[in-house]
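Chains, contacts and geometry: an overview
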Amino acid sequence: MLVMKRTRSYDRPADGLRPFRVQSDIQPQAYASLLISTGKTQVICAVSLEEKVPPFLEAAGKGWITAEYGMLPGATSSRNRREDGGRSGRSMEIQRLIGRSLRQMVDLPAIDGYTLRVDCDVLNADGGTRTAAITGAALAVRAALLRMVGEQRLPVLPPLRPVAAVSVGLVDAVVLLDLDYAEDSQAEADGNFVMADGAWVELQVSAEGRPVGDDELLLMKDYAKKGIASLLSLWRAATDPAPGY
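If you check an unreviewed UniProt entry, the protein appears there as Ribonuclease PH from Desulfofustis limnaeus. In its Subunit (unreviewed entry) section, the UniProt record describing the protein reads: "Homohexameric ring arranged as a trimer of dimers."

In structure tokens, the structure reads:
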């Protein structure tokens, strides 16, 4: 087993998460909203409810969940330009990942006639923005569904698959869970792992400096499972019904 050559932020071990928390109702005018923090990374997740579905789902007997992702100008050390002319390729890739993940939470026929649109805006970026967005967006969707039940838009809360995501990377030949920006910028390989109710939704692993071996990949998956299990404490901490609804 290789030993880390560096001290990690928050003095955590290789398989340790940064401190994480959620603040609910961060945007009171949204249908549901929260701010998720993982270390210094902060993402606002806000849900808008639409009483319609996309044209391709009309008469299909299904609802829809989709997402948009963006980074606010002050989120990074140098100003991040607004994407006024359309989403960048990176943002499009991330928001598609978020949407795919959220649609694994609930069987879409249970929300027939409705679209839940989740805006994920990065307030502060210090690594793991897309995985924080997935974890926070899933909790925001849960809060929105609870509100729909309270308003009698849904007869009951449909069965939900808890969704969360985390990053894992390879830095100085050591597998590390939940990379911050300093680690991610030096990673030989990095990955994003998404789970829904204990099953994999998506695994993205990319080699940056060298290929990843089977043993390293298996350890990355093990660390991701452990990290996601901890993140799901946010689901257990959430109240029924959601505060303020």
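When helices and strands are tallied, the protein shows five helices and nine strands. Helices and strands in the protein line up, N terminus first, as β-β-β-β-α-β-α-β-β-α-β-β-α-α. Compactness check: the protein gives a C-alpha radius of gyration of 18 Å against a globular reference of 18 Å for 245 residues, within 12% of the reference. For the protein, restricting intrachain contacts to residue pairs at least 6 apart in sequence, the fraction spanning at least 24 positions comes to 68%. About 11900 Å² of surface is accessible on the protein, with carbon and sulfur atoms providing 49% of the total. With 28 positive and 31 negative side-chain charges, the protein shows a separation of 2 Å between the mean positions of the two kinds.

The next point concerns helix 2 (residues 129-150). For helix 2, which comprises 22 residues, the first-to-last C-alpha distance of 31 Å matches the rise-based estimate of 32 Å (1.5 Å per residue) to within 8%. Burial runs high along helix 2: 19 of the 22 residues are buried. Immediately beyond the C-terminal end of helix 2, within one or two residues, lies Gln152, with a positive phi of roughly 65 degrees.

We now examine the sheet that holds strand 1 (residues 20-24). The five strands lie next to each other as 1-2-3-5-4, forming an open sheet whose pairing is mixed. At either end of the open sheet lies a strand with only one pairing partner, and these are strand 1 and strand 4 (64-71). The average angle at which neighbouring strand axes cross in this sheet is 20 degrees, direction not considered. Pairing of strand 3 (residues 41-50) with strand 5 (residues 115-124) involves nine bridges; the strand directions are antiparallel. From the neighbouring strand, Cys45 faces strand 5, where its bridge partner is Cys120. Across the sheet, helix 1 (residues 89-102) lies against strand 4 and strand 5, angled at about 145 degrees from strand 4, the strand it touches most.

The next subject is the UniProt feature "domain: Exoribonuclease phosphorolytic" (unreviewed entry) in the protein. Per the UniProt record, the feature "domain: Exoribonuclease phosphorolytic" (unreviewed entry) sits at residues 17-142 and 162-226. Note that residues 162-226 is 26% helix and 46% strand, and that its end C-alpha atoms are spaced 15 Å apart.

Let us look at the layout of surface pockets. Looking at the largest pocket, its volume works out to about 580 Å³. Arg90, Gly127, Gly128, Thr129 and Asp184 are, among the 22 residues lining the largest pocket, the residues nearest its centre. Among the secondary structure elements, those contributing two or more residues to the lining of the largest pocket are helix 1, helix 2, helix 3 (181-184), strand 8 (189-196) and strand 9 (199-207). Classifying every residue of the lining of the largest pocket by side-chain character gives five nonpolar, 10 polar and seven charged.

What counts as what
- Residues numbered from 1 in each chain as written.
- Predicted model: local features only at pLDDT ≥ 70, side-chain atom pairs only at ≥ 80, totals over all residues.
- Heavy atoms only, no water.
- UniProt positions renumbered as here; feature names shortened; annotations may be inferred.
- Helix = DSSP H or I, 4+ residues; strand = E, 2+ residues; numbered from the N terminus.
- Rg over C-alpha atoms; globule rule 2.2 N^0.38 Å.
- Contact = heavy atoms within 4.5 Å.
- Areas by Shrake-Rupley, 256 points an atom, 1.4 Å probe, with all protein chains shown as cover.
- Lys, Arg positive; Asp, Glu negative; His and termini not counted.
- Charge placed at Lys NZ, Arg CZ, Asp CG, Glu CD.
- Expected span 1.5 Å × (residues − 1).
- Buried < 20%, exposed > 50% of the residue type's maximum accessible area, 1.4 Å probe, protein only.
- Pairing = 2+ DSSP bridges.
- Axes fitted to C-alpha atoms, helices over the stretch in contact; angles between N-to-C directions.
- 1 Å grid on protein atoms, 1.4 Å probe; cavity = no way out; pocket = protein on both sides within 12 Å on 5 of 7 lines; lining within 4 Å.
- Points joined across faces, edges and corners; volume = space filled by probe spheres on them.
- Nonpolar A, V, L, I, M, F, W, Y, C, P; charged D, E, K, R; others polar.

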